[in-house]
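Close look at the chain arrangement
Residues per chain, in single letters:
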Amino acid sequence: MLGSYDTGENNTGHKLCAEMRAEMNTVLEIRDLVKYYQSGEHVVKAVDHTSLEVERGKFTAIVGRSGSGKSTLLHLIGGLDRPDSGTVLIDGKDIYTLKEDALAGFRRKKIGFVFQDFNLIPSLNVWENIVLPLGLDGRKVVEAEVMDILTRIGLADKKDVMPSTLSGGQKQRVAIARALASTPAIILADEPTGNLDSQTELEVMGVLKSCVSDFGQTLVMITHDETIAQMADVIVMIEDGKVVRKS
């Protein structure tokens, strides 16, 4: 009966479709990434032939001891440093085939950053800090969308104030809003709650996780905090520059 069995061609087609679906669902792919540093007479293998895939829409926590290479890995993923060898693909684009100007443009469009020290510009108010990356990229600011983000992070009434008037937790919320506003392919966070007290830390993490979920974003976070790591969908353990476990 017609259609009652699969030919070899059908099996091949199913396999190709599965591979295409997996590729579409993978926002970040790291292939055999290497970054070594010379320290006196010693070579520090900060990232040592590391490979990893990150699924779109997931919260992935990268954990490891101090000196394990997790921050170096994040900087390489974000195009803030160049590897000795290997490949980083974001939305299928090998970012290290780009020259510096093109890479800077790619970062503005495709990568949102949240750092431990907030990196807000003190001479700009909250609103201006959030929309700055959009302006640098020549993109139109949709005020309703930015206000939606401000409302979700609980700072709608602070949009005109200067960063110096904000608490540490509020500054980090502004940094989160700035990362979300550009609708990137991926958000990279490097110990984003490291400068906050434990109560504020949990509040900010709750805001970050709910915003990432609500806006369908992908989050990759470096953390040494086991409590924060347990909030993630996926936990990646780094030791001596290598991925040793993914769960």
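Attention in this report is confined to the structure presented alongside it. (Residues numbered from 1 in each chain as written. Predicted model: local features only at pLDDT ≥ 70, side-chain atom pairs only at ≥ 80, totals over all residues. Heavy atoms only, no water.)

Moving on: the sheet that holds strand E3 (residues 59–63). The strand order across the open sheet built from 6 strands is E6-E7-E8-E3-E9-E10, with neighbouring strands paired in mixed fashion. The sheet is open, and its two edges are formed by strand E6 (111–115) and strand E10 (242–246), each paired on a single side. On average, each strand axis in the sheet is tilted by 20° relative to the strand beside it, whichever way the strands run. As defined by bridge partners, E6 adjoins strand E7 (residues 186–190) across 5 bridges and the pair is classed as parallel. Across the sheet, Val114 pairs through a bridge with Ala189, a residue of E7. The strands touched by helix H6 (residues 168–181) within the sheet are E6 and E7, with E6 carrying the most contacts at an inclination of about 170°. Against the sheet, helix H7 (residues 198–214) makes contact with E3 and strand E8 (219–222), and its axis sits at roughly 155° relative to E8, the strand it touches most. (Pairing = 2+ DSSP bridges. Helix = DSSP H or I, 4+ residues; strand = E, 2+ residues; numbered from the N terminus. Axes fitted to C-alpha atoms, helices over the stretch in contact; angles between N-to-C directions. Contact = heavy atoms within 4.5 Å.)

Let us now look at the environment of Leu124. Here Leu124 lies in the loop between E6 and helix H4 (126–136). Residues in contact with Leu124, not counting those within four places in the same chain, are Asn129, Leu132, Met162 and Pro163.

Bringing the packing of H6 against H7 into the picture now. At a minimum axis distance of 10 Å, the contact between H6 and H7 shows a crossing angle of 15°. Relative to H7, the element H6 lies roughly parallel. In the packing of H6 onto H7, the handedness of the crossing is right-handed. In contact with Gly169, Gln172, Arg173, Ile176 and Leu180 of H6, H7 contributes Thr200, Glu203, Val204, Val207, Leu208 and Cys211. (Parallel < 35°, antiparallel > 145°, perpendicular 65-115°, else oblique. Left-handed = near helix turned anticlockwise from the far one by under 90°.)

Turning next to the pattern of salt bridges. Applying the stated criterion to the full structure yields 11 salt bridges. Between Asp137 and Arg108 there is a salt bridge, with its nearest N and O atoms 3.5 Å apart. In this pair, Asp137 sits in the loop between H4 and helix H5 (143–152) while Arg108 sits in helix H3 (residues 100–110), placing the two residues 29 residues apart along the sequence. Overall, Asp137 belongs to the buried group, its relative accessible area being 15%. Because the salt bridges share partners, they merge into one network encompassing Arg56, Asp91 and Lys110. (Salt bridge = Lys/Arg side-chain N within 4 Å of Asp/Glu carboxyl O. Buried < 20%, exposed > 50% of the residue type's maximum accessible area, 1.4 Å probe, protein only.)

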